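Commentary on secondary and tertiary structure
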Amino acid sequence: MHRQTINKGQASYEPNSIDGGWPSETPAGPENGGFESYQERIDARKIRARSPSFGDHYSQATLFWNSQTEVEKEHIIAAYTFELSKVQRPWIRERVITEILPNIDLELARRVGENHGIEAPSQKPAPVEELGTSSQLESPALSLMARLPGNIQYRKVAILVADGVDGDQVEALKQKLEVEGAQGMIIAPSMAPVTAAGGKSVTPDAMLNGMPSVAVDAVVVPGGSDSVNALAQSGQGRYYVQEAYKHLKAIAAVGEGKMLLDAADVPTGEEGVLTGAKVDDVFTPLREAMGQHRVWARDAKANDMPA
């Protein structure tokens, strides 16, 4: 608030090794222009100083790490690995892995270090006062996966359709999702109304390339041979379910809908990839898979998918 100085350079923090440690605080004293407390006599001299707790740099981060589930820890490792790969100066990457991450957790530093070819230390390098004395025991309140809601309210489910789709299945899916508090979104090759197998018009909510699978929580392919054939012959249709598979989304195919999964080389018969002759055959396991947020059992296989 009320900041008037615009610092120039590549760094806006201190200490740094890029801009000579600048910007930094102005030293106290009238000769330097920095703030200095008036030494007013009360019954002792007041001082301008921070509480020792300000020196605790790592206990909150360690508490957060310790509170995560194994899935979440893997995501944190992947995130550090990814973001550090964008750092162009190797000595900064090395400092993060050898001087910062170990103070949070040695295993975290080791795993990220392996991904960058940098050996992490076997002991925490920071002094004890910086590591902190606050509780670092696990707290489920800090983990998303430890606090799953137990329902699928407010989730979005993509229902992939083209001309010839089974309109009854589409309607059944939307009704069942609505009862659960979720939203079924009709995704089609274009925004033009789709003609269902029985002649009824189905209005799309979005296009395949306008509402990608990363923006929804699950994908369902209803039956209707003409609809499924059109989607299977479309690169966008195949990519939609491939991408959903790669991002660990629950996928269900009803009746002929399985043909799209086959065309996209999405393996069926495994956890989170559901097939059945009727909507009732897939809906309950679909709801259960969505309740876990993602299909975590698929994580190790996700990179096999080229999407």
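The following paragraphs examine the structure supplied in this document. Per-chain numbering applies: the sequence of each chain, read as written, is numbered from 1 onward. Per-residue local features of the predicted model are confined to residues with pLDDT of at least 70, and side-chain atom pairs are confined, for both listing and counting, to 80 or more; whole-chain, interface and lining totals are unaffected and use all residues. Hydrogens and water are ignored here; the side-chain numbers use all heavy atoms of the structure.

Here we look at the overall build of the protein chain
Secondary structure summary: the protein chain contains ten helices and eight strands in total. We take the radius of gyration over the C-alpha atoms and set the globule estimate at 2.2 Å times the residue count to the 0.38 power. Its C-alpha radius of gyration of 27 Å places the protein chain more than 25% over the 19 Å reference for a compact globule of 307 residues. On the principal axes, the C-alpha backbone points of the protein chain span a range of 90 × 45 × 40 Å. For every residue, the accessible area obtained with a 1.4 Å probe (protein chains only) is divided by the maximum for its type, and the residue is called buried under 20%, exposed over 50%, and partly exposed between those limits. For the protein chain, with 307 residues in total, the buried portion stands at 37%. Residues count as neighbours in contact if any of their non-hydrogen atoms are within 4.5 Å of one another. Sequence separation of 24 or more characterises 63% of the internal contacts of the protein chain that already satisfy a separation of 6 or more. Only the protein chains shown count as covering a residue, and every accessible area follows the Shrake-Rupley method with a 1.4 Å probe. Of the roughly 18,000 Å² of accessible surface on the protein chain, a fraction of 50% belongs to carbon and sulfur atoms. None of His or the chain ends enter the tally, which takes Lys and Arg as positive and Asp and Glu as negative. Where a charge sits is defined by one atom per residue type, namely NZ (Lys), CZ (Arg), CG (Asp) or CD (Glu). Of the side-chain charges in the protein chain, 30 are positive and 41 negative, and the distance between the mean point of each set is 4 Å. Think of it this way: any DSSP run of H or I at least four residues long counts as a helix, any run of E at least two long counts as a strand, and we number them from the N terminus.

A short note on helix 1 (residues 59-66)
Listed as buried for helix 1 are Ser 59, Thr 62 and Trp 65. With its buried residues spanning 125° around the axis, helix 1 presents them on a single face. Residues of helix 1 that are buried in the fold lie against helix 2 (70-84), helix 3 (90-104), helix 4 (106-116) and helix 5 (128-131). To be clear, the arc concerns the directions from the helix axis to the C-beta atoms.

Here we look at unusual backbone geometry
In terms of backbone geometry, most residues other than glycine have negative phi values and most peptide bonds are trans. In this structure, Pro 15 follows Glu 14 across a cis peptide bond, with omega equal to 5°. Unlike most non-glycine residues, Leu 248 shows phi in positive territory, near 65°. Of note in this structure, Asp 265 is not a glycine but carries a positive phi near 60°. You can see Asp 265 is positioned in the loop between helix 9 (258-263) and strand 8 (273-276). Overall, the relative accessible area of 62% leaves Asp 265 in the exposed class.

Focus: the pairing of strand 8
Strand pairing requires that DSSP identify at least two bridges connecting the strands. Relative to strand 8, strand 7 (residues 250-254) runs parallel, the two sharing four bridges. Bridge pairing in strand 8 places Val 254 opposite Gly 276. This β-α-β element, strand 7 to helix 9 to strand 8, shows right-handed connectivity. Orienting the strands away from the viewer, one traces the path from the first strand over the helix to the second; a clockwise path indicates a right-handed crossover.

Any functional reading would require information that these geometric values do not contain.
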